[in-house]
Amino acid sequence: MQEFPTVAAISTSLGTGAIGIVRMTGPDSIAICDRLFRGRRGNLAEAASHTLHYGAIAEPESGELVDEVLVSVMRAPATYTREDVVEINCHGGPVAQQRVMSLLLAQGAGLATPGEFTRRAFLNGRIDLVQAESVAQIVSAKTEAGLRVAMSQLAGGLSREIGSLRDDILGVLASIEAGLDFSDEDIEGMDRQATGGSLTGIAGRLQELIESAFVGRVLCEGVRTAIVGKPNVGKSSLLNALLMRDRAIVTEIPGTTRDTIEEIINIDGIPLQLIDTAGLRPAGNEVERIGVERSRRAISEADLVLCLFDGSEPEDDHDRALLTSVPMDRTILVINKADLFRGRQPRFNRGLLPAEPVVISAMTRHGLSQLRERISGLVLGGALPPLEGPMVTHERHKQLLEQSLSALGRARQGLRVGLGEELVAEELHGALTALGGITGDEVVEDLLDRIFQEFCIGK
Amino acid sequence: MTIAPSTDGDIFDVVVVGGGHAGCESALAAARMGCSTLLLTLSLEKIALMPCNPAVGGIGKGQLTREIDALGGEQGLNTDRACIQMKLLNTSRGPAVRALRAQTDKKLYEDSMKRVLCATENLRILEGSAAGIIVSRETITGVELDDGSRIPAKTVILACGTFLGGKIVVGERRFPAGRMGEPPATALPVSLAESGLELGRFQSATHPRIDSRTIDADRMVIDPGDEHPSRFSRFSQGVLRNQVPCFLTYTNERTHSVIREHLHLSPIKTGSVSGKGPRYCPSIDRKVMNFPDRDRHPVFVEPEGRHTGELYLQGLTTSLPVWVQELVIHATPGLEKAKLMRPGYAVEYDYVIPDQLRLSLETKRIANLFLAGQINGTSGYEEAAAQGLIAGINAARSVMGREPFVLGREQAYIGVLIDDLVTKGVDEPYRMFTSRAEHRLLLRHDNAHARLSPLGRNIGLLPQSRYAMVQEDERALEDLLQWLKSTTVSPTPELNKLLEKKGSAPLTEGQAAAQLLKRPEVCINDILKNIGVSAPGNAGPDIMARSEIELKYAGYIDRQRQAIERNRRLEDTRIPPGFTYLDLEGVSREARDRLERIQPATLGQASRISGVTPADVSVLSLYLKERHDAMAD
Ligand SMILES: Cc1cc2nc3c(=O)[nH]c(=O)nc-3n(C[C@H](O)[C@H](O)[C@H](O)COP(=O)(O)OP(=O)(O)OC[C@H]3O[C@@H](n4cnc5c(N)ncnc54)[C@H](O)[C@@H]3O)c2cc1C
Ligand SMILES: Nc1nc2c(ncn2[C@@H]2O[C@H](COP(=O)(O)OP(=O)(O)OP(=O)(O)O)[C@@H](O)[C@H]2O)c(=O)[nH]1
């Protein structure tokens with residue numbers, strides 16, 4: 001195995017736990033930690049693998065105690081990175097973590113780059129590509145549910161399902177290829193109907209996997225939500241109101257740098273990722289036009305649109321224009337500033353709206369709980385599948401699966417209209433190549449293996 | 001003693017060791033490209049001998065032979081000369097997987113190849129046995145014969161087939177031999193190993209031959225060959241007549257129980273054959289063992305020539321003891337009274353692990369030493385000849401100080417073959433299959449000349465007179481395609497009736513002929529008949545067939561071309577020779593070791609090495625870019 005230098009990083013466990021962890025990986029990690037660690041029972045150098053040690057981290061020269069810690073020692077190769085790993089669990093909050101970290105650096109550890117631990121796990125052959133990408137996902141998983149999905153990917157759920165789909169396609173392709181490359185031998189030709197049937201089954205499973213992608217992304221990245229409305233309608237206020245109730249989950253996770261930390265609103269366990277449209281202060285027509293353009297883009301990217309109207313004013317052209325541009329199936333109409341017309345009819349003409357609006361006041365927080373209900377109702381729609389089974393959480397994976405599926409579709413179509421077997425095979429090769437982009441497997445050798453296993457070839 | 005082309009201190013440009021299918025192509029290519037060439041071989045009686053089945057071509061392999069022909073090689077022409085039966089395979093399947101297979105008269109094949117060799121300028125032929133290579137400062141300088149004499153050379157091509165450390169196994173007998181009745185080369189593999197080349201060991205087996213007077217043809221299916229036989233070579237004159245039939249029979253339960261009863265004597269069980277054998281060529285013993293549910297296996301009974309009574313029993317490969325072979329044969333319908341003439345046998349031999357070669361087939365370790373044919377871990381005459389041709393071309397180009405001639409995977413099956421060998425190595429004797437070619441729809445039997453003849457001409461191998469024939473074909477094809485695109489077919493009642501009969505939608509208005517031809521079920525003759533004219537210009541049946549293929553495949557061909565373009569960046573990014581991988585951070589250890597060993601020529605080749613992941617390739621490309629930028633500064 002290749003030796004990488006020893007590196008360390010601060011990693012905070014997900015959620016709000018008070019304990020922060022400083023992790024270090026590499027050949028010198030135990031030795032480096034030993035120079036700072038004051039334990040009750042001697043040196044870490046003698047510690048067995050996977051043991052936990054209570055003690056303190058101290059400044060090596062002055063002997064000043066920095067924090068009370070629990071250190072876990074894990075020796076290569078049975079570790080996440082397949083290298084020696086030390087985890088220092090600090091009690092003293094962020095400040096103590098920072099100090100421990102800087103002591104480690106002073107003792108010769110390098111600063112881990114984002115994703116470094118996972119990269120090593122991958123390079124040292126600990127995990128495969130799909131698993132590595134899932135870890136990257138964990139690093140950015142925003143909710144518990146998202147984390148659970150990412151964890152099950154890591155256990156190889158997605159790899160397994162794709163592997164099994166690939167196997168099934170290979171089986172079909174092998175039966176076609178055997179007929180093409182060995183047609184002069186005693187091999188039964190392809191049964192178009194049976195082949196079509198198998199492909200339909202495979203396509204169905206692929207489709208399911210692709211459909212899981214939305215849920216997978218939502219759980220890991222959040223429902224992309226746009227708050228739109230004319231200037232001063234109360235977009236920022238609504239955002240703040242939502243944020244105040246649901247303090248944003250701010251995570252500081254190994255491998256992510258501070259500037260990538262994002263704010264997320266959690267509504268009944270559904271993470272909402274807000275697409276920024278606030279902050280536009282239009283003055284003059286030109287800016288107005290840009291504003292419209294910007295909300296249009298936000299709408300097109302969004303999974304969910306909150307469309308705001310000012311209930312204290314009569315509707316205007318801007319409101320009417322907005323109504324025509326929002327996709328009603330994923331939009332919630334909101335009338336704001338209810339405190340200004342409390343108990344009375346809003347001045348805004350409700351008859352204009354194609355669906356029942358939620359009436360709120362961002363200022364007094366009136367109606368916010370109804371809004372939250374509407375949001376979770378719309379997103380879940382009773383349709384969120386249970387969180388089990390493999391799930392696609394990467395855009396790249398989803399695209400490859402879609403490529404694979406459309407190649408399968410062409411193969412099935414080809415079978416129906418009597419296209420040559422070599423052309424059907426061409427599509428199936430395409431389907432497999434796309435899956436190979438996820439799993440990194442190659443087609444030809446596996447295909448030949450299948451042919452020789454299943455068909456008696458050779459004269 | 002020193003052997004040289006002349007007495008004035010000259011040395012041979014190219015020395016080829018081995019007069020098999022690879023060696024013959026090498027020697028001819030080098031001599032035709034103007035190099036003084038020597039072909040050294042063990043026996044002048046055994047030039048271009050076919051130790052296995054008396055046939056050339058087949059699916060995947062036939063495409064190779066066509067490509068050899070297109071580049072200016074000999075195998076296609078020689079096969080046509082010796083052909084006694086021709087068949088186009090896969091006619092019921094798509095054109096991309098069609099291929100020719102020829103039964104040949106073995107003796108005639110050898111004789112006519114020898115005649116061509118003897119008539120080739122710049123080529124000297126010598127009987128003798130190479131005992132070692134002479135290497136000085138990591139460059140080859142010649143070969144040494146077993147009698148101690150030396151042949152100095154600028155380049156050497158080894159094409160020694162199954163002879164390196166060869167051992168034959170028949171039943172319990174086991175003895176050194178290169179082929180039945182021929183001595184092995186025992187000193188040469190030692191010399192190669194001493195020069196640092198790594199060797200592996202493979203095995204292969206051949207079928208028993210029987211006396212044609214002793215079969216009962218009535219109990220077998222007769223297989224007469226094609227009614228209108230094509231020729232392998234674009235440049236062959238005349239048509240094939242008087243085809244000789246083959247026969248087909250099947251083993252049955254009786255055959256299988258004889259085999260099962262004696263399985264304990266099979267080398268599979270006794271372990272008397274070492275080395276890995278090809279999965280696609282299993283012995284009948286293995287077939288019976290691995291596929292117990294099959295109640296029959298086909299046996300093709302093929303004549304070995306017009307002037308011999310030997311019939312070859314394709315499908316009954318075995319190295320069971322001779323007396324068991326007879327029992328097995330006699331248990332098979334139609335062969336009850338067959339008299340064995342030559343028993344089947346297995347041979348095991350050393351090969352040079354081919355990932356030690358460059359794409360030019362030159363060894364990485366020893367400059368100007370080229371290897372071709374079975375010595376590289378392949379099997380088959382076509383695979384051997386294809387490599388022989390490329391090694392011959394590249395030895396000649398090395399002498400002339402030119403860049404190596406390398407065919408891409410998207411250009412030719414030959415490119416796929418060599419790239420596979422060099423990039424992935426082999427773990428069983430390598431044979432071509434169409435499924436190995438990712439661009440199979442482009443690499444067809446029918447367009448081999450359009451693809452490769454311009455290159456053959458360009459490197460000075462394909463004579464102008466032949467190239468002119470290819471150019472003429474291309475013009476005719478172009479004209480025909482133009483005509484089909486610009487000619488409208490009208491919806492006459494006759495045409496619609498015909499379409500209906502073929503299960504195709506009737507025409508409601510006029511349509512370009514080319515458009516109509518895209519329908520899978522419509523063929524060019526339907527259209528010509530409807531318009532009532534024959535094809536324009538000088539389009540013969542081959543050109544007409546090609547126009548149809550081009551039109552029907554057009555969409556797919558476009559897609560494959562786009563895929564090729566997408567990969568172009570990888571394929572075009574060259575890795576400087578001598579680039580070292582051992583300290584590339586961010587590339588996995590396994591990948592670095594593989595890269596260091598293979599020394600890929602391009603990023604594309606690197607990406608195909610097993611154990612090199614897409615992530616490794618991106619990291620590698622960053623390093624290359626960095627290096628490139630640093631050099632540009
Ligand atoms: C028993 C047997 C079974 C086979 N079975 C199959 C099969 O099942 N399927 C298949 O596709 N192919 C099979 N083949 C392989 C096929 O015959 C070869 O792949 C093909 O002939 C290889 O061509 P070549 O030019 O590399 O070598 P060969 O045709 O073997 O030619 C080698 C030449 O080198 C010469 N030579 C060797 N050593 C020296 C030396 N030291 N000095 C001078 N000359 C030397 C020999 O005289 C010979 O002329 C079989 C071959 C044998 C012998
Ligand atoms: N009375 C009342 N005032 C509100 C309410 N919501 C927002 N406002 C006021 O409306 C004004 C505009 O609010 P913002 O939240 O900045 O509106 P915005 O839509 O983000 O505005 P732009 O960023 O300019 O597009 C502020 O003065 C808010 O205090 C509400 O529910 N009731």
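What counts, and where the lines are drawn
Residues numbered from 1 in each chain as written. Chains lettered and ligands numbered in written order. Predicted model: local features only at pLDDT ≥ 70, side-chain atom pairs only at ≥ 80, totals over all residues. Heavy atoms only, no water. Helix = DSSP H or I, 4+ residues; strand = E, 2+ residues; numbered from the N terminus. Buried < 20%, exposed > 50% of the residue type's maximum accessible area, 1.4 Å probe, protein only. Contact = heavy atoms within 4.5 Å. Areas by Shrake-Rupley, 256 points an atom, 1.4 Å probe, with all protein chains shown as cover. Axes fitted to C-alpha atoms, helices over the stretch in contact; angles between N-to-C directions. Parallel < 35°, antiparallel > 145°, perpendicular 65-115°, else oblique. Left-handed = near helix turned anticlockwise from the far one by under 90°. Nonpolar A, V, L, I, M, F, W, Y, C, P; charged D, E, K, R; others polar. Salt bridge = Lys/Arg side-chain N within 4 Å of Asp/Glu carboxyl O. Buried area = accessible area lost by both parts, 1.4 Å probe. Polar contact = N/O pair within 3.5 Å; in protein donor to acceptor, adjacent residues only side chain to side chain. Phe/Tyr/Trp six-rings, centres within 6.5 Å; stacked < 30°, edge-to-face > 60°. Lys NZ or Arg CZ within 6 Å of the ring centre and 35° of its normal. Expected span 1.5 Å × (residues − 1). Core = buried A, V, L, I, M, F, W, Y, C linked by side-chain atoms within 4.5 Å. Domains from an automatic or database assignment. Pairing = 2+ DSSP bridges. Near = heavy atom within 4 Å.

(A) Highlighting the overall build of chain A. Across its full length, chain A holds 14 helices and 13 strands. Within chain A, the fraction of its 459 residues that count as buried is 52%. A fraction of 69% describes how many contacts in chain A between residues 6 or more apart in sequence connect residues 24 or more apart. On chain A, roughly 20600 Å² of surface is accessible, and the fraction owed to carbon and sulfur atoms is 51%.

(B) Summary view of the overall build of chain B. A count of helices and strands for chain B gives 20 helices and 22 strands. Considering only C-alpha atoms, chain B reaches an extent of 80 × 80 × 55 Å along its principal axes. Within chain B, the fraction of its 633 residues that count as buried is 59%. Taking contacts inside chain B between residues at least 6 apart in sequence as the whole, the part at least 24 apart equals 72%.

(C) Geometry of the packing of helix α6 (residues 253-261) of chain B against helix α9 (residues 322-330) of chain B. Residues and elements named next belong to chain B. The interhelical angle for the contact between α6 and α9, taken along N-to-C directions, is 160°, at an axis separation of 8 Å. On the basis of their axis angle, the class for α6 and α9 is roughly antiparallel. With respect to the hand of their crossing, α6 and α9 are arranged in right-handed fashion. Here Arg254, Thr255, Val258 and Ile259 of α6 lie close against α9, whose contacting residues are Leu327, Val328 and His330. Of the residues that constitute the contact of α6 with α9, the class distribution is 4 nonpolar, 2 polar and 1 charged.

(D) Geometry of the pattern of salt bridges. Scanning all chains against the criterion turns up 52 salt bridges over all chains. Arg93 of chain B serves as the salt-bridge partner of Glu421 of chain A, at 3.1 Å between the closest nitrogen and oxygen. Placement of the pair is Glu421 of chain A in helix α13 (residues 421-439) and Arg93 of chain B in the loop between β4 (83-89) and β5 (99-104), with the two residues belonging to separate chains. Taken individually, Glu421 of chain A and Arg93 of chain B each receive the classification buried, so the pair is uniform in this respect. Through salt bridges that share partners, Arg409, Asp419, Asp420, Lys424, Glu438, Glu571 and Arg608 of chain B make up one connected network.

(E) Region of interest: the interface of chain A and chain B. Counting residues at the interface gives 37 residues for chain A and 47 residues for chain B. Buried surface at the junction of chain A and chain B, summed over both partners, amounts to about 3700 Å²; 52% is from carbon and sulfur atoms. On the surface where chain A and chain B come into contact, there are 10 residue pairs in polar contact (both at pLDDT 80 or more). For the side of chain A that touches chain B, the secondary-structure elements that each account for two or more residues are α3 (116-123), α6 (157-181), α13 and α14 (444-454) of chain A. Of the residues forming the side of chain A that touches chain B, the biggest block, 8 residues, is contributed by α14 of chain A. Considered class by class, the residues forming the side of chain A that touches chain B number 15 nonpolar, 7 polar and 15 charged.

(F) Layout of the packing of aromatic side chains. All names here are of chain B. All chains considered together, the criterion is met by 4 aromatic pairs over all chains. Ring centres 5.0 Å apart and planes at 70° place the aromatic pair Phe579 and Tyr581 in the edge-to-face group. Accessibility expressed as a relative area gives 0% for Tyr581, which makes it buried. Between the NZ or CZ atom of Arg296 and the centre of the ring of Tyr250, over which it lies, the distance is 3.6 Å.

(G) Broad picture of helix α11 (residues 413-424) of chain B. All names here are of chain B. The end-to-end C-alpha distance of α11 is 16 Å, a good match for the 16 Å that 12 residues give at a rise of 1.5 Å each. Burial runs high along α11: 11 of the 12 residues are buried. All buried positions along α11 are accounted for by Tyr413, Ile414, Gly415, Val416, Leu417, Ile418, Asp419, Asp420, Leu421, Val422 and Thr423. Those residues of α11 that are buried lie in contact with α2 (61-71), α10 (381-399), α12 (448-458), α18 (589-598) and α19 (603-607). Once α11 ends, the next one or two residues include Gly425, with phi positive near 70°.

(H) Inspection of the side chain of Ser112 of chain B at higher detail. Structurally, Ser112 of chain B is set in helix α4 (residues 106-118). Contacts of Ser112 of chain B, omitting those with residues within four sequence positions, involve Asn78 and Arg81 of chain B.

(I) Representation of the nonpolar core in the model. Residues and elements named next belong to chain B. Counting residues in each nonpolar core, the largest one holds 114 residues, and the members touching the most others are Val15, Ile133, Ile151, Leu158, Leu369 and Ile414. No other element matches α10, which puts 10 residues into this core. Residues lining this core come from more than one domain, with at least three contributed by each of domain 1 (209-347) and domain 2 (476-565).

(J) Quick look at the pairing of strand β16 (residues 298-303) of chain B. Residues and elements named next belong to chain B. With 6 of 6 residues buried, β16 is to be regarded as a mostly interior element. Burial along β16 is two-sided: the residues Pro298, Phe300 and Glu302 and Val299, Val301 and Pro303 are all buried. With 4 bridges connecting them, strand β15 (residues 246-250) and β16 associate as antiparallel partners. Opposite Thr249, over in β16, you have Val299 as the bridge partner. Where β16 meets strand β17 (residues 310-314), 4 bridges bridge the pair, whose relative direction is antiparallel. Paired with Pro303 across the two strands is Leu311, which belongs to β17. Hairpin geometry of β16 and β17 is characterised by an intervening segment of 6 residues between the two adjacent antiparallel strands.

(K) Here's a closer look at the site of ligand 1. Residue and element names in this part refer to chain B. Looking at ligand 1, there are 35 residues lining it, with Ala22, Ala130, Ser204, Gln374 and Gly380 nearest. Here a nitrogen atom of ligand 1 sits 3.4 Å away from a polar atom, N or O, in the main chain of Leu42. Within the contact set of ligand 1, an oxygen atom lies 2.7 Å away from a backbone nitrogen or oxygen of Gly380. When the free accessible area of ligand 1 is taken as 980 Å², the share hidden by the protein chains comes to 98%.

(L) Fine view of the environment of Arg627 of chain B. All names here are of chain B. Position of Arg627 relative to the elements: it lies in helix α20 (residues 614-632). By relative accessible area, Arg627 is classed as partly exposed at 34%. Among all residues touching Arg627, those that are not within four sequence positions of it are Pro576 and Phe579.

(M) Just the pairing of strand β11 (residues 304-310) of chain A, in detail. Residue and element names in this part refer to chain A. Across the 7 residues that make up β11, a large majority, 7, are buried. Residues of β11 alternate between two faces, with Leu304, Leu306, Leu308 and Asp310 on one and Val305, Cys307 and Phe309 on the opposite face, all of them buried. The pairing of strand β8 (residues 223-229) with β11 spans 5 bridges and is parallel. Among the inter-strand pairings, Val228 is bridged to a residue of β11, identified as Cys307. Summarising the sheet, β11 and strand β12 (residues 331-336) pair through 6 bridges and their orientation is parallel. Bridging from a neighbouring strand, Phe309 pairs with Ile335 of β12.

(N) A look at helix α3 (residues 75-82) of chain B. Counting buried residues along α3 of chain B, 7 of its 8 residues qualify, which places the element largely inside the surrounding structure. Of all the positions in α3 of chain B, only Gln75, Gly76, Leu77, Asn78, Thr79, Asp80 and Ala82 of chain B are classed as buried.

(O) Spotlight on the sheet that holds strand β13 (residues 209-211) of chain B. Residue and element names in this part refer to chain B. Read from one edge of the open sheet, 6 strands run β14-β15-β16-β17-β13-β18, paired in antiparallel fashion. Each edge of the open sheet carries a strand with a single partner, namely β14 (221-223) and β18 (340-342). Neighbour-to-neighbour, the strand axes of the sheet open up by a mean angle of 35°, direction not taken into account. Examined bridge by bridge, β13 and β17 share 3 bridges and lie antiparallel to one another. If you follow Arg209 over to β17, its bridge partner there is Tyr312.

(P) Region of the structure containing the sheet that holds β4 of chain B. All names here are of chain B. If you trace the 3 strands from one edge of the open sheet to the other, you get β3-β5-β4, paired in antiparallel fashion. Each having just a single partner strand, β3 (55-57) and β4 make up the two edges of the open sheet. Each strand axis lies, on average, 20° off the axis of its neighbour in the sheet, ignoring direction. Inspection of the sheet shows β3 paired to β5 by 3 bridges, in the antiparallel sense. Following the sheet pairing, Gly57 is matched in β5 by Arg101. Lying on the sheet, α3 is in contact with β3, β4 and β5; it crosses β4 at an angle near 120°.

(Q) Structural context of unusual backbone geometry. Residue and element names in this part refer to chain A. Cis geometry marks the peptide bond from Ala76 to Pro77, where omega comes out at 0°. Along the polypeptide, Pro77 turns up in the loop between β5 (65-74) and β6 (85-90). The backbone phi angle of Arg82 is positive, close to 65°, even though this residue is not glycine. Checked against the element boundaries, Arg82 lands in the loop between β5 and β6.

By themselves these figures say nothing about function.
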